[in-house]
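A look at the structure
One-letter residues, chain by chain:
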Amino acid sequence: AVVSTQSTGEDGGDVSKECHTMMPLVILCDFFSTTSPFNPTKLAPQTLREGVFLHYNLARMAHLRKRHSETPCDRSLTDPSLLTLEVEWELVCSLVMFHKVLSLNILTPLLEGGPLKLSKLLQYLVKLIRVFSKYYSTHKIIIQSDLQMEKEGLVRRMNTRMALVDCVFNVLVFCLHDLLGLPLIFNM
């Protein structure tokens, strides 16, 4: 399936390349989330939203990682005990479940010659991204103020939150690019 568009993005660049890059993920989500025969011209609206949502949040994380790398602070200062919010622990628990999801649905079937359960992996990724999006929308992750940067506790909190973001980012990149071979968008 090819999406053709002549619009421009926020940076003035051509959006058509980004649409072509997103389509493999959208098609894959649709292919493995339905029991009906696959028809690339009739993608489910929910599937389109999920594929775009995954890419959108991947770009959000890439932007956070870039901003964090430009922030003048000691990145080695982290403290997992600062992850006290319910949504942070939701993310941590989701990340812990990654090994189980990968093992049961991809690795074990691969080793035993059974069918891969990519739909389960994609469902996991969508749930993980929903939790991340909730976290991103409700909590400040990067601290920009020089006054705030002087407080070591805030630097530790920012670095710890960024470590959590990095974990989610790495799981997404591993699954989508390394495992499934899909092209990724890091800028929107």
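Residues numbered from 1 in each chain as written. Predicted model: local features only at pLDDT ≥ 70, side-chain atom pairs only at ≥ 80, totals over all residues. Heavy atoms only, no water.

What the protein chain contains, in helices and strands, is six helices and zero strands. The helix and strand sequence of the protein chain, counted from the amino end, reads α-α-α-α-α-α. Expressed as a percentage of its 188 residues, the buried residues of the protein chain come to 41%. In the protein chain, of all internal contacts separated by at least 6 residues, the share reaching a separation of at least 24 is 70%. (Helix = DSSP H or I, 4+ residues; strand = E, 2+ residues; numbered from the N terminus. Buried < 20%, exposed > 50% of the residue type's maximum accessible area, 1.4 Å probe, protein only. Contact = heavy atoms within 4.5 Å.)

Once that is clear, we can look at the nonpolar core. With 43 residues, the main nonpolar core has Met61, Leu91, Leu125, Phe132, Val171 and Leu172 as its most contacted residues. Those elements giving two or more residues to this core turn out to be helix H2 (45-70), helix H3 (86-112), helix H4 (118-138) and helix H6 (152-179). Here the element with the most residues in this core is H6; it accounts for 12 residues. The residues contacting methionine 61, other than those within four sequence positions of it, are Ile129, Phe132, Val165, Val168, Phe169 and Leu172. (Core = buried A, V, L, I, M, F, W, Y, C linked by side-chain atoms within 4.5 Å.)

A few words on the side chain of serine 94. Position of serine 94 relative to the elements: it lies in helix H3. Excluding residues that lie within four positions of it along the chain, serine 94 makes contacts with Tyr124, Leu128 and Val131.

Let us look at H3. Given a rise of 1.5 Å per residue, 27 residues ought to cover 39 Å, and the 38 Å separating the end C-alpha atoms of H3 matches this to within 8%. When the local axis directions of H3 are compared, the greatest deviation, roughly 45 degrees, occurs at serine 103. Residues Val87, Glu88, Leu91, Val92, Ser94, Leu95, Phe98, Val101, Leu102, Asn105, Ile106 and Pro109 constitute the buried set of H3. In the stretch just after H3, glycine 113 is the one whose phi turns positive, near 75 degrees. (Expected span 1.5 Å × (residues − 1). Bend = angle between axes of the 7 residues up to and from the residue.)

Here the focus is the confidence of the model for the protein chain. The predicted model of the protein chain averages 75 in pLDDT, with 68% of residues at 70 or higher. The element-level mean pLDDT for the protein chain is lowest in helix H1 (residues 16-33), coming to 47, with H3 highest at 93. Low confidence marks residues 1-23, where pLDDT is under 50. Its contacts with residues over four positions away, or in another chain, come to 29 contacts. pLDDT under 50 marks residues 30-43. Its contacts with residues more than four places away, or in other chains, come to 17 contacts. (pLDDT = per-residue confidence, 0-100.)

Looking now at the side chain of serine 133. Tracing the sequence through the fold places serine 133 in helix H4. At 3.2 Å, the side chain of serine 133 and the side chain of arginine 60 are in polar contact. Beyond its immediate chain neighbours, meaning those up to four positions away, serine 133 contacts Phe53, Asn57 and Arg60. (Polar contact = N/O pair within 3.5 Å; in protein donor to acceptor, adjacent residues only side chain to side chain.)

For H4, with 21 residues, the first-to-last C-alpha span of 30 Å sits near the 30 Å given by 1.5 Å per residue. Leu118, Leu121, Leu122, Tyr124, Leu125, Val126, Leu128, Ile129, Val131, Phe132, Ser133 and Tyr135 are the residues of H4 that are buried.

Moving on, we come to the pattern of salt bridges. A complete count under the given rule lists four salt bridges for this structure. The shortest N-O distance in the salt bridge between arginine 161 and glutamate 88 comes to 3.1 Å. Residue arginine 161 is located in helix H6, and its partner glutamate 88 is located in helix H3; the two are separated by 73 residues in the primary sequence. Summarising the burial analysis for this pair, arginine 161 and glutamate 88 share the class buried. Notably, a salt bridge pairs glutamate 90 with lysine 134, separated by 2.9 Å at the nearest N-O pair. Remark: lysine 134 occurs in helix H4 and glutamate 90 occurs in helix H3; sequence separation between them is 44 residues. Among the residues examined, lysine 134 registers a relative accessible area of 39% and is labelled partly exposed. (Salt bridge = Lys/Arg side-chain N within 4 Å of Asp/Glu carboxyl O.)

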